[in-house]
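This is what each chain is made of:
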Amino acid sequence: MKNQEHSGPLVEVYNAQSPQEIAAHYDAWAGAYDKDMSQAGYRHPSVAVALLARHLQTGAAPILDAGAGTGLVGSWLEILGYPTVDGLDISKGMLEVAAAKGGYRNLHCLALGNDLPFNDGAYQGVISTGVFTTGHVGTEALPELARITASGGTLVITVKETLWTENFAAAVADDDKLALIAMTEPYVSMPEDAATAPSRAVVLQRA
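This structure is a prediction, so every number in the text was calculated from the model and none was measured.

Chemist: So what exactly am I meant to see when it comes to the packing of aromatic side chains here?
Modeler: Two numbers describe a pair of aromatic rings. These are the distance of the centres and the angle of the planes. If you walk through the whole model with that rule in mind, you get 6 aromatic pairs. Between tryptophan 29 and tyrosine 33, the aromatic rings sit 4.8 Å apart at their centres with planes inclined by 70°, giving edge-to-face as the arrangement. Placement of the pair is tryptophan 29 and tyrosine 33 together in helix α2 (residues 19-39), with a separation of 4 residues, close to one helical turn. With centroids separated by 5.5 Å and ring planes inclined at 90°, the aromatic side chains of phenylalanine 118 and tyrosine 123 adopt a geometry described as edge-to-face. Residue phenylalanine 118 is classed as buried on the basis of its relative accessible area, which comes to 11%. A network of ring pairs unites the aromatic residues Tyr26, Trp29 and Tyr33 as a single cluster.

Chemist: Explain helix α3 (residues 44-55) to me, please; I cannot follow it from the model alone.
Modeler: At 3.6 residues per turn, the α-helix brings residues three or four places apart onto the same side. Relative to the 16 Å expected for 12 residues at 1.5 Å per residue, α3 spans 17 Å between its end C-alpha atoms, a close match to the ideal helical length. Buried residues of α3: His44, Pro45, Ala48, Val49, Leu51 and Leu52, and no others. What you see down the axis of α3 is that its buried residues fit within an arc of 165°, all on one side. Buried residues along α3 sit in contact with β1 (63-66), α4 (74-79), β4 (123-132), β5 (149-160), β7 (187-188) and β8 (198-206).

Chemist: I would appreciate a short explanation of the nonpolar core in the present structure.
Modeler: Nonpolar side chains in soluble globular proteins tend to be buried together. In terms of nonpolar packing, the biggest core is built from 26 residues, with Leu112, Phe132, Leu145 and Phe168 touching the most fellow members. Counting only elements with at least two residues in this core, the list comes to β1, β4, α6 (142-147), β5, α7 (161-174) and β8. Those residues in contact with phenylalanine 132 that lie beyond four places of it in its chain are Val137, Gly138, Ala141, Leu145, Ile157, Thr158, Val159, Lys160, Leu163 and Phe168.

Chemist: What should I look at first to understand the layout of surface pockets in this one?
Modeler: Regions of empty space are outlined by a rolling probe, equal in size to a water molecule, passed over the atoms. Space inside the largest pocket adds up to approximately 690 Å³. Contributing to the lining of the largest pocket are 46 residues, with Tyr26, Gly130, Val131, Thr133 and His136 lying nearest its centre. Examining the composition of the lining of the largest pocket, we find that 6 residues originate from one element, α2, more than from any other. Of the residues in the lining of the largest pocket, the class split is 25 nonpolar, 17 polar and 4 charged.

Chemist: Looking at this structure, how should I read unusual backbone geometry?
Modeler: Among all residues except glycine, the phi angle is most often negative; among peptide bonds, the trans geometry is most common. That bond from alanine 61 to proline 62 is cis: its omega, -5°, falls within 30 degrees of zero. Checked against the element boundaries, proline 62 lands in the loop between α3 and β1.

Chemist: I'm lost on the pattern of salt bridges in this one. Help?
Modeler: Oppositely charged side chains may form a pair once their charged atoms are brought near each other. Across all of its chains, the model carries 5 salt bridges by this definition. With its nearest N and O atoms 2.6 Å apart, the salt bridge here joins arginine 147 to aspartate 120. You can see arginine 147 sitting in helix α6 and its partner aspartate 120 sitting in the loop between β3 (107-109) and β4, a full 27 residues away along the chain. Take arginine 147: its relative accessible area is 21%, and that puts it in the partly exposed class. Taken together, the shared-partner salt bridges connect Asp120, Glu144 and Arg147 into one network.

Definitions and cut-offs
Residues numbered from 1 in each chain as written. Predicted model: local features only at pLDDT ≥ 70, side-chain atom pairs only at ≥ 80, totals over all residues. Heavy atoms only, no water. Phe/Tyr/Trp six-rings, centres within 6.5 Å; stacked < 30°, edge-to-face > 60°. Helix = DSSP H or I, 4+ residues; strand = E, 2+ residues; numbered from the N terminus. Buried < 20%, exposed > 50% of the residue type's maximum accessible area, 1.4 Å probe, protein only. Expected span 1.5 Å × (residues − 1). Arc of directions from axis to C-beta. Contact = heavy atoms within 4.5 Å. Core = buried A, V, L, I, M, F, W, Y, C linked by side-chain atoms within 4.5 Å. 1 Å grid on protein atoms, 1.4 Å probe; cavity = no way out; pocket = protein on both sides within 12 Å on 5 of 7 lines; lining within 4 Å. Points joined across faces, edges and corners; volume = space filled by probe spheres on them. Nonpolar A, V, L, I, M, F, W, Y, C, P; charged D, E, K, R; others polar. Salt bridge = Lys/Arg side-chain N within 4 Å of Asp/Glu carboxyl O.

Such coordinate-based values are descriptive only and should not be taken to indicate function.
Written out as structure tokens, the structure reads:
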């Protein structure tokens, strides 16, 4: 059944039937994405950046922004004292916007849930906002994110509450490489969009 909660670009993205279709919708949305999300009161980037700053030592490098989109996170991390940030996203159009903002060392057009071309333990921190949600990415992406995070490193991930309760919490508990060290209460990521369902942000530490 198609998602009928939202209108405009969001419903198109949520209704997409393949990664290629998701990427195409985000490509088309890239130019208006920042304005649209600002009007919706989008909270995920600020919540996740705050948690990363609380749990990962200032200056830790490099950090991966997994699902970087238009680069809402990258410049904030630089301001907070994280000098080296890479980004990946499924949408070339979104990454072009991110590249124009600066704040990233490298940007990669990649889909989460597949093998990633990074070495084991390549990143001291991973941040992922708005990715683990309706029609996007599920628990299949966790093992690779854990693999590329250094021992003792930090992962901050926002997760749709329905996904968290259905299988994400269990997947974290069952992964001996990840420990849950902090978690927000459920919150609405876009308070100006009445159709938005709650999410939460979780902080994981790599064993």
